[in-house]
Amino acid sequence: MNAEKPQSLAVKRWWYIMPIVFITYSLAYLDRANFSFASAAGINEDLGITKGVSSLIGALFFLGYFFFQIPGAIYAERRSVKKLVFWCLILWGMCATLTGMVSNIPMLAAIRFALGVVEAAVMPAMLIYISNWFTQSERSRANTFLILGNPVTVLWMSVVSGYLIEAYGWREMFIIEGFPAVIWAVAWWFLVQDKPAQAKWLSDAEKAALQAQLQKEQAGLKAVRNYREAFKSRNVILLCAQYFCWSIGVYGFVLWLPSILRNGSQMGMVEAGWLSAVPYLAATVAMILVSWASDKLQTRKLFVWPLLLLGALAFFGSYWVGAGNFWLSYALLVIAGAAMYAPYGPFFAIIPEMLPRNVSGGAMALINSMGALGSFLGSWVVGYLNGETGSPAASYIFMAGALLVSVVLMLAVRPARNQTSALPECAKHA
């Protein structure tokens, strides 16, 4: 009987929590990524934005995102994920809708920055939420269901945004796509509990079993007194630098893919939307497979750096193929997109397995904030290079180089001892 309870508990948690997590992060991603479609659809011409200023405005989101990661994580860790995300949902939905009503460049810049500020706490808060509900052997898959909100949202958003712009315009696209976050905030408030102990849908035995397992995992970690000590650790510093470089590639790709496709082949917004969706379909499949394998083998690092290396090689391939062979270049971009997204689940499972609960949330926020800086740099520089050169070739080299640096930094990370215990001896040194 005792062996059956954890199994039934796991099923119940997955079915209750994962849809909530997935929808919440999906809406966050919708309202940050649809700017790429407005850029391809004429917002620059309508507001008199130059190519250089356009890349900066697209990147301003990540500057706001950078500054409020750690304060948000501290609030989520010490107070309440539920309250924090509720207000973030309302505020970012409002900011997204207001983007469709801007009449000048300063208004657009201010709203993009504000959107980054109110979305900043969501990612670390959701990672903390998952660590409260899922054990080490489940965490890579749970993180992947969270981050799947990213490629799956871009998958359907690419198609829907293309149709909305074609039918109405970029303003109406922003206004329509901002409302779901505000509506979902009400559902979030009634559905979410911060800790398993507060859940009425769990029995006392199920709560006790989950709490015992989570405490057992914490007992095996070296004590860390405070955030200062955690932030100075070698692995946290390396992961900050690694995620910075990785994010250059990811968001240079996400924000400018529709524009790259339209420049490479003369097509309308609907066609660009469909083609933009394909890399995210591939990414969705890759993320699920990689997270499953990472949890199965209980190793993380081995499922991060090889995929990022593949992404770098795909970008180099797109550069070498050149604009003359659109479809081969496009196929390599699909591979690059899938390879960059696939390692997210294992990557965000690393920190809770290295650091105790009192500091792991803050460390994840610090790493994610450095990713925001990388995203700012990537989206700005890629947009600038594309605009100045009239070709994506230089940006492919830039993104490939950043991914190669992230591979080297990932290889330097020393995994926690319990991450390699389930591996064959030959794989422990990968």
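It should be emphasised that the depicted structure is a prediction, and the values quoted were computed from it without experimental measurement.

(A) Looking closely at the overall build of the protein. Looking only at helices and strands, one finds 20 helices and 0 strands in the protein. In terms of overall size, the protein behaves like a compact globule, its C-alpha atoms giving a radius of gyration of 21 Å where 430 residues would be expected to give roughly 22 Å. If you line up the protein on its principal axes, its C-alpha atoms span 65 × 50 × 40 Å. Expressed as a percentage of the 430 residues in the protein, the buried residues total 60%. At a minimum sequence separation of 6, the contacts of the protein that also span at least 24 residues come to 85%. As displayed, the protein offers around 17000 Å² of accessible surface, 68% of which is attributable to carbon and sulfur atoms. Charge separation in the protein, taken as the distance between the mean sites of 30 positive and 20 negative side-chain charges, equals 12 Å.

(B) Inspection of unusual backbone geometry at higher detail. Backbone geometry places Gln298, a non-glycine residue, at a positive phi of 55 degrees. Looking at the element boundaries, Gln298 is found in the loop between α15 (269–297) and α16 (305–321). On the accessibility criterion, Gln298 (13% relative accessible area) is buried.

(C) Examining the environment of Pro124 more closely. By secondary structure assignment, the location of Pro124 is in helix α8 (residues 122–133). A relative accessible area of 0% places Pro124 in the buried class. Along the primary structure Pro124 and Ile74 are separated by 50 residues, whereas in three dimensions their C-alpha atoms are 9.3 Å apart. With sequence-adjacent residues up to four places away left out, Pro124 is seen in contact with Gln69, Ala73, Ala365 and Asn368.

(D) Seen up close, helix α5 (residues 69–78). When we look at burial in α5, the residues that qualify are Gln69, Gly72, Ala73, Ala76 and Glu77. The buried side chains of α5 occupy one side of the element, clustering within an arc of 130 degrees when seen end-on. In this structure, the buried side of α5 is in contact with α4 (51–67), α6 (81–99), α8, α13 (227–231) and α19 (357–389).

(E) Main features of the confidence of the model for the protein. Of the residues in the protein, 90% have a pLDDT of 70 or more, and the chain-wide mean is 84. When pLDDT is averaged over each element of the protein, α6 comes out on top at 94 and helix α1 (residues 4–33) at the bottom at 77. Long-range and interchain partners of residues 1–8, a stretch whose pLDDT sits below 50, account for 2 contacts in this model, where long-range means more than four residues apart. Contacts from residues 418–430, a stretch scored under 50 in pLDDT, to residues over four places away or in other chains number 20 contacts.

(F) Structural context of the pattern of salt bridges. The tally for this structure, following the rule as stated, stands at 6 salt bridges. Notably, a salt bridge pairs Asp295 with Arg141, separated by 2.8 Å at the nearest N-O pair. With a gap of 154 residues between them, Asp295 in helix α15 and Arg141 in helix α9 (residues 139–147) connect regions that are remote in the sequence. Connected via shared salt-bridge partners are Arg141, Asp295, Arg300 and Glu353.

(G) View of the side chain of Arg112. Mapping Arg112 onto the fold places it in helix α7 (residues 105–119). In this structure, Arg112 is buried with no salt-bridge partner, the nearest side chain bearing the opposite charge being Glu119 at 7.4 Å.

(H) Broad picture of the packing of α5 against α6. Contact pair α5 / α6: the axes reach a minimum separation of 7 Å and the direction vectors enclose 135 degrees. Our classification of the angle between α5 and α6 gives oblique. The residues of α6 that touch α5, namely those facing Gly72, Tyr75 and Ala76, are Val81, Lys83 and Leu84. When its residues are assigned to classes, the contact of α5 with α6 shows 4 nonpolar, 1 polar and 1 charged.

(I) Examining the packing of helix α10 (residues 149–167) against helix α11 (residues 170–191) more closely. Following both chains from N to C, one finds α10 and α11 inclined at 130 degrees, their axes separated by 8 Å at the closest point. By the angle class used here, α10 and α11 are oblique. The way α10 lies across α11 gives a crossing that is right-handed. Of the residues in α11, those in contact with Met157, Val160, Ser161, Leu164 and Ile165 of α10 are Trp170, Met173, Ile176 and Glu177. For the contact of α10 with α11, the class distribution of residues is 7 nonpolar, 1 polar and 1 charged.

(J) Focus on the state of the cysteines. All told, the structure shown has 0 disulfides when counted by the stated rule. Cysteine Cys95 is unpaired, with the sulfur of Cys88 as its nearest cysteine sulfur at 10 Å. No disulfide involves Cys245; its sulfur sits 11 Å from that of Cys240, the nearest cysteine. The class of Cys245 is buried, set by a relative accessible area of 11%.

(K) The arrangement of the nonpolar core in detail. Ranked by internal contacts, the top residues of the largest apolar core, which has 129 residues, are Trp92, Trp188, Trp246, Phe315 and Phe347. Looking at which element gives the most residues to this core, the answer is helix α14 (residues 234–264), with 13 residues. Leave out the neighbours within four places in its chain, and Phe315 touches Phe253, Leu333, Ala336, Met340, Tyr396, Met399, Ala400 and Leu403. Val290, Leu307, Ala338 and Ala342 belong to the second-largest nonpolar core, a separate cluster that totals 7 residues.

Calculation rules
Residues numbered from 1 in each chain as written. Predicted model: local features only at pLDDT ≥ 70, side-chain atom pairs only at ≥ 80, totals over all residues. Heavy atoms only, no water. Helix = DSSP H or I, 4+ residues; strand = E, 2+ residues; numbered from the N terminus. Rg over C-alpha atoms; globule rule 2.2 N^0.38 Å. Buried < 20%, exposed > 50% of the residue type's maximum accessible area, 1.4 Å probe, protein only. Contact = heavy atoms within 4.5 Å. Areas by Shrake-Rupley, 256 points an atom, 1.4 Å probe, with all protein chains shown as cover. Lys, Arg positive; Asp, Glu negative; His and termini not counted. Charge placed at Lys NZ, Arg CZ, Asp CG, Glu CD. Arc of directions from axis to C-beta. pLDDT = per-residue confidence, 0-100. Salt bridge = Lys/Arg side-chain N within 4 Å of Asp/Glu carboxyl O. Axes fitted to C-alpha atoms, helices over the stretch in contact; angles between N-to-C directions. Parallel < 35°, antiparallel > 145°, perpendicular 65-115°, else oblique. Nonpolar A, V, L, I, M, F, W, Y, C, P; charged D, E, K, R; others polar. Left-handed = near helix turned anticlockwise from the far one by under 90°. Disulfide = S-S within 2.5 Å. Core = buried A, V, L, I, M, F, W, Y, C linked by side-chain atoms within 4.5 Å.

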